[in-house]
Every structure is written in C-alpha cells, then in structure tokens.
Amino acid sequence: MKNPLCVASTSIMVAAFCSILFPINVSLLILSSLVVISFAVIIYGIIKHNREYIVSCIICIVFLVAGGIYCGIHTTYGNLISDIENIEIQGKIVDNNVVQAKLINGEKTLFKIRFYYSYYGDEDITVGDRVTISGKLQQYSGPAFYGDLNYSNYAKAKYIYGYISDCEITKTGHYTDLYKIGYKMRKAITDNIDLHFEKEEGGLLKALLIGDKSDISPELKTSLAYSGLSHIAVVSGAHISILLSLIGLWFSFLKKHSKIYVPLILIFMGLLLCLIGGQPSVLRALIMAVYSLLVLTLFKRYDMMTSLMFSGAVLVVINPYFAVDAGFSLSFFATFALVAGTKEKFTFYSLGLLFITLMPLCFYYFNYVSFAMFFTSVVITPIVTLLLPM
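Calculation criteria
Residues numbered from 1 in each chain as written. Predicted model: local features only at pLDDT ≥ 70, side-chain atom pairs only at ≥ 80, totals over all residues. Heavy atoms only, no water. Helix = DSSP H or I, 4+ residues; strand = E, 2+ residues; numbered from the N terminus. Buried < 20%, exposed > 50% of the residue type's maximum accessible area, 1.4 Å probe, protein only. Contact = heavy atoms within 4.5 Å. Areas by Shrake-Rupley, 256 points an atom, 1.4 Å probe, with all protein chains shown as cover. Axes fitted to C-alpha atoms, helices over the stretch in contact; angles between N-to-C directions. Parallel < 35°, antiparallel > 145°, perpendicular 65-115°, else oblique. Nonpolar A, V, L, I, M, F, W, Y, C, P; charged D, E, K, R; others polar. Pairing = 2+ DSSP bridges. Core = buried A, V, L, I, M, F, W, Y, C linked by side-chain atoms within 4.5 Å. Phe/Tyr/Trp six-rings, centres within 6.5 Å; stacked < 30°, edge-to-face > 60°. pLDDT = per-residue confidence, 0-100. Patch = residues over 30% accessible without salt bridge, like charges linked within 9 Å, V, L, I, M, F, W, Y side chains within 5 Å. Salt bridge = Lys/Arg side-chain N within 4 Å of Asp/Glu carboxyl O. Expected span 1.5 Å × (residues − 1).

## Here's the deal with the overall build of the protein
Part 1 of the argument: Looking only at helices and strands, the protein has 14 helices and 6 strands in total.
Part 2 of the argument: With 390 residues in all, the protein has 43% of them scored as buried.
Part 3 of the argument: In the protein, once contacts between residues fewer than 6 apart in sequence are set aside, the share between residues at least 24 apart is 66%.
Part 4 of the argument: Counting every atom, the protein has about 21,500 Å² of accessible surface; 66% of that belongs to carbon and sulfur.

## A few points about the packing of helix α1 (residues 4–21) against helix α2 (residues 24–48)
For any two helices packed against each other, one specifies the crossing angle of their axes together with the interaxial distance.
Part 1 of the argument: Their axes nearest at 8 Å, the elements α1 and α2 cross at an angle of 155 degrees. Between α1 and α2, the angle falls in the class roughly antiparallel. Along the contact surface, α1 presents Val14, Ala15, Cys18 and Ser19, while α2 presents Ser27, Ile30, Leu31 and Leu34.
Part 2 of the argument: When grouped by side-chain class, the residues that make up the contact of α1 with α2 number 6 nonpolar, 2 polar and no charged.

## Some words on the pairing of strand β1 (residues 86–95)
Part 1 of the argument: Relative to strand β5 (residues 129–138), β1 runs antiparallel, the two sharing 7 bridges. Residue pairing in the sheet places Gln90 in a bridge with Thr132 of β5.
Part 2 of the argument: The pairing of β1 with strand β2 (residues 98–104) spans 6 bridges and is classified as antiparallel. Across the sheet, the residue bridging to Asp95 is Val98, located in β2.

## Details of the nonpolar core
Part 1 of the argument: Counting residues in each nonpolar core, the largest one holds 50 residues, and the members touching the most others are Val99, Phe115, Tyr117, Ile133 and Ile164.
Part 2 of the argument: Those residues in contact with Tyr117 that lie beyond four places of it in its chain are Ile93, Asn97, Val98, Val99, Ile125, Ile133, Tyr163, Ile164, Cys167 and Ile169.
Part 3 of the argument: One finds Ile247, Ile276, Val282 and Ala285 within the second-largest nonpolar core, a separate group that totals 18 residues.

## Brief notes about the packing of aromatic side chains
Part 1 of the argument: Under the defined criterion, the tally for this structure stands at 11 aromatic pairs.
Part 2 of the argument: Here Tyr151 and Tyr154 contribute two aromatic rings whose centre-to-centre distance is 5.2 Å and whose plane-to-plane angle is 45 degrees, an arrangement assigned as tilted. With Tyr151 and Tyr154 both in helix α4 (residues 151–156), this residue pair falls 3 residues apart, about one helical turn.
Part 3 of the argument: The exposure class of Tyr151 is partly exposed, given its relative accessible area of 30%.
Part 4 of the argument: Arranged with centres 5.6 Å apart and planes meeting at 25 degrees, the rings of Phe328 and Phe332 form a pair that is stacked. Separated by 4 residues within a single helix, Phe328 and Phe332 lie in helix α12 (residues 326–341), roughly one turn from each other.
Part 5 of the argument: By relative accessible area, Phe332 is classed as buried at 3%.

## Description of the confidence of the model for the protein
Low pLDDT marks stretches whose predicted atomic positions should not be read closely.
Part 1 of the argument: Per-residue confidence for the protein averages 79 on the pLDDT scale, and 84% of its residues sit at or above 70.
Part 2 of the argument: Element-level mean pLDDT values for the protein span from 60 in helix α14 (residues 373–387) up to 90 in helix α11 (residues 304–318).

## Section: a nonpolar patch on the surface
Part 1 of the argument: Judged by side-chain polarity, Leu21, Phe22, Val26 and Tyr364 come together as a nonpolar surface patch covering roughly 350 Å² of accessible area.
Part 2 of the argument: Within the secondary structure layout, Tyr364 lies in helix α13 (residues 347–366).

## Comments concerning helix α10 (residues 280–299)
Part 1 of the argument: Relative to the 28 Å expected for 20 residues at 1.5 Å per residue, α10 spans 27 Å between its end C-alpha atoms, a close match to the ideal helical length.
Part 2 of the argument: Of all 20 residues in α10, 14 are buried, a share of seventy percent or more.
Part 3 of the argument: Where α10 terminates, the next one or two residues include Lys300, which has phi positive at roughly 65 degrees.

## Here we look at the pattern of salt bridges
Part 1 of the argument: Applying the stated criterion to the full structure yields 2 salt bridges.
Part 2 of the argument: Salt-bridge contacts for Lys171 lead to Asp129; the nearest nitrogen and oxygen are separated by 3.7 Å. Highlighted residues: Lys171 in strand β6 (residues 160–174) and Asp129 in strand β5, separated in sequence by 42 residues.
Part 3 of the argument: Judged by its relative accessible area of 2%, Asp129 is buried.
Part 4 of the argument: The shortest N-O distance in the salt bridge between Lys187 and Asp191 comes to 3.1 Å. You can see Lys187 and its partner Asp191 sitting in helix α5 (residues 178–196), 4 residues apart, about one turn around the helix.
Part 5 of the argument: A relative accessible area of 38% means that Lys187 is categorised as partly exposed.

Printed below as a string of structure tokens:
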C-alpha cells in the first residue's frame, strides 16, 4: 500500500468533522455508515484478492473509530466544564485576560482549557503570573439563527470554554515558558510599531507580522472583506512558507550536514511559533514543513498530499474544534485544491479548483462570496507575500 499515513490521517479528520459539526446521533450514524461501507469493501477485496483494498479499509475503520472516540471524549468533557456555574481555577495567565487552567475546582484538567476573565481589582495581573481565580462562569452561546456565528465553537477553537465574570484573583507565583517568551516578543514588536506608525497603518502591520488584528478599524476590516482580501491581514500559511523558504535558503550551505541543518531549521520554526502563536493556518504550515524536512532527510522522498493530510490530522488531535475554525478550513482546503491542481499541466485548472473549493466555504463562514477575490487575490496577494520578508 502506497500511503497508509494518508488514509489514517483522512479518517481522523473525517471523525473530527463529524463529531464537531453534527449532533452525536447524526455523527454516530455517519461514522457507522462509513465503517459498514469499509467492511463491505474489505469483503470485496477478499473476493478479488486485492490486498490494498483490505489494508486501506482496515486502517480506515481503526482510525475512524479511534478518532470518533477521542473527539467524543473531548467535546463531552468541554460540555461538562461549561455546565459549572461557580468555578475556581488554578492556572497561569497566557495572554491578556486569558487564563489556562491546571486545576478546575480542585480537579486536574484532561485537555488544554482556557477562559476569558474580567478583573477590575488593584492587583497587577500579567502574562507570566500563576494565579487562583474564582468567579461565575458564563457559557458562550451557539448561533441564534441560521448563518449566525457559532461563537461557542469559535472560542473553543482557541481553547476557550467560557467567560469568568465578577472574579477574584490571587497571585500564587510566576513562570517562564514559551507563552511568556512569545508574549514578550510580540509586545516588543507592537510597542515598536506603535512608536513609529499611525494607528491605521500600525494596525495593519501588526496583523501582517504577528496576526494581531485588534487595532484594525471596523471600516478597514469591512473593506478588506468585501474586496476578498481579508486573508492578507493575517499571518497565513503562505507567509510561513515564504519565511521558511528564506531561512532554508540562508542555511542551504549546511544541507550536506543534516545533523546541523535539521536542528537549526527546527529551532527557527520554534521561534516563529513563539512569535506568531498557534493559529491553525500557521500550525498547518509548520507541521507540513517539519514533516517534509524529516521525511526528505530520512527517506529522500516526499508526498505533499500525505503531508497535508497528516498536518490536518495532527491539528484536530490537538484540538478537534479546529475542524470548524474558519482559518483552518480555508487554509487546509485552499492548500488541498492547489496540491490537487498541480497534478495537471494546465495551471488554470488549479486556480479554478481553488476558487470552486473556497466559494462554498466563504459562504458558509461569512454568508457572502466576494467575486472580487478572483482578481484581487491573483494580483495583490503575491505582491504582499513577496514584500512581507522585506
């Protein structure tokens, strides 16, 4: 069998999509149907003596079931936490007004769980503090009507499971890890931008460099959205690919010394992750880069589609709610369309496949499709991507 990893990864992603997008009864029905179909294909493979069919379907069944169980446990656990009204959290501050829980009401968390909080006390709380927070937990609501933003899933894709109001905070210590290092790097960049640029220009530059969109005006956001250029105001997988290509070019003279070259590139990838943060599109590009680096070093051959599917599977294992995150979906399916399209000699095939893939996703997430993106993406996006490293 040529690509067992691709089959396994695809099965995990299908299980994650079903578990998050549909109610549990519908999800079980879909996954059970896929398992039954796989068994039927196994029987067909036995009759035809086709070993590839048999192995592929066995892998598919194993990872569909395993992925469904894992994602089911993850979502059920998150729902249990959301039902807590009065909550006490012991954890650490990982971002502005965001606490990552280690203990919830004295019990250790199973997965990465975070909460927004509002605090108006006198104590200075910042990233790097270990704290105990007590207060009232409020849940984020789902969509009020068809087409409305499902803020609950949106927040959970950022590991955030609720909002703590009327809270009391007690410092219990300090810590230094990648969260704090990344926060200090981002703060140094934002402070420098604020010093040298006006708010409008500085806000756009922050979004391009570190993905911070907090200072972009609503008017500019609307203009970018209707022109089909919202994706340039974020750190995307394309940006990461360009930066990693440049880093690889700078250290290309070390390629013959893989014991030095590979760890050096991995260190730079880690620094990029600290600086930009764990956005799904960034993680997807970094995982694909790590996969390609290791596979080419160890086996001297590389399949981009397998790399893409593997990165998607790793992401939904890290957080199943990435499956319904707009950034992940658009980044993943755009890359899928381009990878599938490159198998054709006619280059416009890949562009057509890209637009056909992204149009329904844009309509699903944003309730409109900007046909201007057909022109603006082709003309402006390459220019911004090439100027970014400068």
